[in-house]
Amino acid sequence: MLLEVKEVKKTFNKEKIVALNNVSFSLNKGNIIAIVGESGSGKTTLIRLITGLEVVDAGTILLKNKVVSSNSIFIEPQFRNVGMVFQDYALFPHFTIFDNISYGISKLPNKKERVKEVLELVGLSDKEKNYPHELSGGQQQRVALARALAPNPELLILDEPFSNLDVILRNQLRKDVQRILKETNTTAIFVTHDIKDAIEISDKILVLQNGNVLQQGITKEVYEKPNEGYVKLLFESI
Amino acid sequence: MFICSFWLKIKIIRIQIIHILLVIRTLHNKQPLKYSIKNIQRDTNKWSIFLLTIVLFVAIPILTVFINLIYGPGETWNHLVVNLLPNYVENSLLLIFGTSILTLFFGVSSAWIVSRYCIPLRKQLEWLLILPLAIPSYITAYAYAGIFDYGGIVEKILGIRVDVMNHLGLIFVLSISLYPYVYVASRAFFLNQSNNIIEASKLLGAGEKKTFFKLILPLARPAYIGGLILVLMEVLNDYGAAKYYGINTFTTGIFRAWFSLEEPETAIYLSAILVIIIFLLITIEKWQRRKIGYFNATKNHQKVKIELISNKLKIGFFTIAFIPVLFGFLLPLFQLLYWAFLTYKEVFTFDFIYLSLESLGVAMISAFCTVFFALLLIFLSKWNRLSSMKSIAKIGVLGYAIPGAVIAIGVLIPTLSLDKWFVLFMKSVCNIKVGFIINGTILVLVYAYIVRFLAVAYNPIESNELKFGNSLSEASKILGNSNISTFIRIEYPLLKPAIFSAFILVFVDVMKELPLTLILKPYHINTLAVKAYEYASDELIAEAALPSLFIVLTGIIPILFLNRLIAKES
């Protein structure tokens, strides 16, 4: 088991807002899980707990059978070997594409080759000297993906990666991302509010509403047998 | 060995913090105690301890004032309460009341006119109206004393003599030099205001006048009251102007108790009352802003349109907007230039150049240290994971509300006892006779400047930090970088402009600062502000013009810079 999330609870604003209520799930190496929910359902909080950008109120998170977050233990994000593609890409505006990608692998001896490799993977080999603002939205998205993949993370998290793109680009990138993740055999968590994205990319799916897990399982099985209510409506909306 | 004991101490402090926080936390929420202990232990990191140290360091002066209240007031306190205190309270209230009315009038009317109407020189007036801020109010006070003096401009041109060295004169001088705080706040509000709301009001049949008084004025209230609070803090902080005009206020009272009566206890009691008045003002301001949400109801807005008006109105509005510039900036500046022209031969000596360089040097060192502490406060509180510590960190920026004289006393008392303790220690343990090592040096002065101006550096850096969001630093950490390396590689390069402007703002404030400097400056070091004050106190007011002009000059540059920032942000 690569990732195990056990009965995680998180509240904000002095326990007035419950962001996550006893959420549990697990993920095997090489699998992709989609976390689906509306904004405010708790999906962003969940991945922030996994990356170590927030601390849990209760519950345990294990990475490779090692506790990284619990009531008494907290491992800082820089020691977790988890990669993330941010919703707004979070590219460093004062660095070139090359510097952005090499940022996470500065200790690697062959970092030049590695940057070339991942840039080729995302199809942007000619852009390494450009600055982020000189690229289109879709290209920035690819750079963000390349940067997250460069250090070979155990786990890659994609936070609503396509939400800032138009429909045509979105379909194109969805295919590319799926290919890249499978090619590199990356274990990934894919956060989205779009059920179509989830069905196309993921092996497993987890549906969140108001901090509670409504249903989880193999994507195909959930698709065929959705629970009554929100999950069913969600799949019918396609 | 030393390092070992240091770490041991940190461990002990850590445990103590955990206990205190535990009590706070269990009072607040219903979580089982077992979890609370573990959570706090987990979330307390080394940054939390550093942060607490920094906050304590800058909170010492204000804590000192309140802790020392327990020793009781000095011998003359009863005399002071009966004979002088009513006068201080009356004068201070009168100043607050008078300057409130005048600054609101000058500030709001001129801001509305330049934001709304097509008057001659509109673009120029927009920034000219800020310039009075470049002249410290005590210097404006000196200039007006000259303008209305025997043989001054007023007597020469109008043939009448008016005495300005009284309450009304002081109210006028403070208002004309401080109204820009209200102007800047109101103008920023008007620039961000949507035109739709004005058009809606017009379509509903309200005229220009009714729209302004019924709609714009109430809507802009949080903005101009916010500016007014800054004005009142400056009024209560003022020493130079009140002293020169012979009006007794709390601040002059503190000086008197400290220097003439030599009663620190009495000075502390006066300081405490003054601080309480200021906190009352701040509370009122917070209260009036409680419903701020509805003031920005419209999100995407068209800017307020510039209205074309008749020539008659143009002249009228121009006059209203020009009067503050004329009286707040041009006239005092002219008077200073005239005096400087008369006296530069005697004043502009080698000593004066040396003094100017010294003054610039002190301001630079202080600005550098203040910005450094502001960065520490911002980033340590970001790196620390205890939410309760984050709110404690806010105490660090309270200094700007506390008058300079109060901070000076709060700094003097603990540093003096530290020095005395050190002298005793050296004498008894090492048998060496030493003098004071902190007092009488620039250290104390710089420390006090840091405490007083921390907020000036903190605010621009923090608002910029919030603007570029958290995701860049988070991305950096996820990519394997520590907090410090993230700061060096990502946050510092991106924040450089904000850090620079923070530096400039503090620099200018230090250049202008008078009451705190007067109390704390080392014997052998002088600043331009103190020099100007000394000349004026010796009735050599014309000689005070040259150092004053130097201060004004350094003040103009960042104000123009600030103006561009406001225009850009809108």
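Calculation notes
- Residues numbered from 1 in each chain as written.
- Chains lettered and ligands numbered in written order.
- Predicted model: local features only at pLDDT ≥ 70, side-chain atom pairs only at ≥ 80, totals over all residues.
- Heavy atoms only, no water.
- Contact = heavy atoms within 4.5 Å.
- Buried area = accessible area lost by both parts, 1.4 Å probe.
- Salt bridge = Lys/Arg side-chain N within 4 Å of Asp/Glu carboxyl O.
- Helix = DSSP H or I, 4+ residues; strand = E, 2+ residues; numbered from the N terminus.
- Nonpolar A, V, L, I, M, F, W, Y, C, P; charged D, E, K, R; others polar.
- Phe/Tyr/Trp six-rings, centres within 6.5 Å; stacked < 30°, edge-to-face > 60°.
- Buried < 20%, exposed > 50% of the residue type's maximum accessible area, 1.4 Å probe, protein only.
- Pairing = 2+ DSSP bridges.
- Axes fitted to C-alpha atoms, helices over the stretch in contact; angles between N-to-C directions.
- Parallel < 35°, antiparallel > 145°, perpendicular 65-115°, else oblique.

The next subject is the interface of chain A and chain B. The partner chain B presents 29 residues to the 32 residues of chain A that form the contact. Of the roughly 2,600 Å² buried at the junction of chain A and chain B (both faces included), carbon and sulfur atoms supply 58%. The largest share of the area that chain A buries against chain B comes from Asn71, Gln78 and Tyr103 of chain A, three residues that together contribute 26% of it. With a closest N to O distance of 2.9 Å, Glu76 of chain A and Arg385 of chain B form a salt bridge. Counting only elements with at least two residues in the side of chain A that touches chain B, the list comes to helix H1 (43–51) and strand E6 (82–85) of chain A. No other element matches E6 of chain A, which puts three residues into the side of chain A that touches chain B. Here the side of chain A that touches chain B is composed, by residue class, of 16 nonpolar, nine polar and seven charged.

The relative placement of two aromatic rings is captured by the distance of their centres and the angle of their planes. All names here are of chain B. Applying the stated rule across the entire model yields 38 aromatic pairs over all chains. Plain terms: the ring middles of Tyr239 and Tyr533 are 5.9 Å apart, the flat faces sit at 40° to each other, and that makes the pair tilted. Highlighted residues: Tyr239 in the loop between helix H13 (221–237) and helix H14 (240–245) and Tyr533 in helix H25 (residues 528–537), separated in sequence by 294 residues. Residues Tyr239 and Tyr533 agree in their burial class; the two are buried. Aromatic pair Tyr449 and Phe453: ring centres 6.2 Å apart, planes at 20°, arrangement stacked. With Tyr449 and Phe453 both in helix H21 (residues 442–467) and four residues apart, this pair spans about one turn of that helix. Neither residue differs from the other here; Tyr449 and Phe453 are each classed as buried. What links up through ring pairs into an aromatic cluster is the set Trp47, Phe50, Phe379, Trp383, Phe487 and Tyr492.

Bringing the pattern of salt bridges into the picture now. Two side chains bearing opposite charge may form a pair once their charged atoms approach each other closely. All chains considered together, the criterion is met by 24 salt bridges over all chains. In this structure, Lys10 of chain A engages Asp57 of chain A in a salt bridge whose closest nitrogen and oxygen atoms are separated by 4.0 Å. Of the two residues, Lys10 of chain A is situated in strand E1 (residues 3–12) and Asp57 of chain A in the loop between H1 and strand E4 (58–63); the sequence distance between them amounts to 47 residues. A relative accessible area of 6% places Lys10 of chain A in the buried class. Owing to a relative accessible area of 12%, Asp57 of chain A belongs among the buried residues under this scheme. In this structure, Glu183 of chain A and Arg179 of chain A form a salt bridge, with 3.2 Å as the shortest nitrogen-oxygen distance. Placement of the pair is Glu183 of chain A and Arg179 of chain A together in helix H5 (residues 167–183), with a separation of four residues, close to one helical turn. Among the residues examined, Arg179 of chain A registers a relative accessible area of 36% and is labelled partly exposed. Where salt bridges share partners, they join Lys10, Arg48, Glu54 and Asp57 of chain A together with Glu474 of chain B into one cluster.

All names here are of chain A. With five of six residues buried, E4 lies mostly within the body of the structure. Of the pairings in the sheet, the one linking E1 to E4 comprises five bridges and is antiparallel in character. For Glu4, the partnering residue across the bridge sits in E4 and is Leu62. Where E4 meets strand E5 (residues 66–69), three bridges bridge the pair, whose relative direction is antiparallel. Within the sheet, the bridge partner assigned to Leu63 lies in E5 and is Lys66. Where E4 hands over to E5, the hairpin turn is made up of two residues, of which Lys64 adopts a positive phi near 50°.

Looking now at the environment of Tyr150 of chain B. All names here are of chain B. Note that Tyr150 resides in the loop between helix H7 (137–147) and helix H8 (153–158). The class for Tyr150 is exposed, based on a relative accessible area of 62%. With 66 residues separating them in the primary sequence, Tyr150 and Ile216 have C-alpha atoms 44 Å apart. What Tyr150 contacts, discounting residues up to four positions off in sequence, is Glu155 and Arg161.

In this section: the side chain of Glu474 of chain B. With respect to the secondary-structure elements, Glu474 of chain B resides in helix H22 (residues 471–478). Judged by its relative accessible area of 11%, Glu474 of chain B falls in the buried class. Once residues lying within four places of it in the same chain are set aside, the contact partners of Glu474 of chain B are Arg48, Leu53 and Phe86 of chain A.

All names here are of chain B. Their axes nearest at 10 Å, the elements helix H15 (residues 250–260) and helix H20 (residues 404–430) cross at an angle of 30°. As the angle between them shows, H15 and H20 are arranged roughly parallel. Contact residues: H15 offers Thr251, Ile254, Phe255 and Trp258, while H20 offers Ala405, Val406, Ile409, Leu412 and Ile413.

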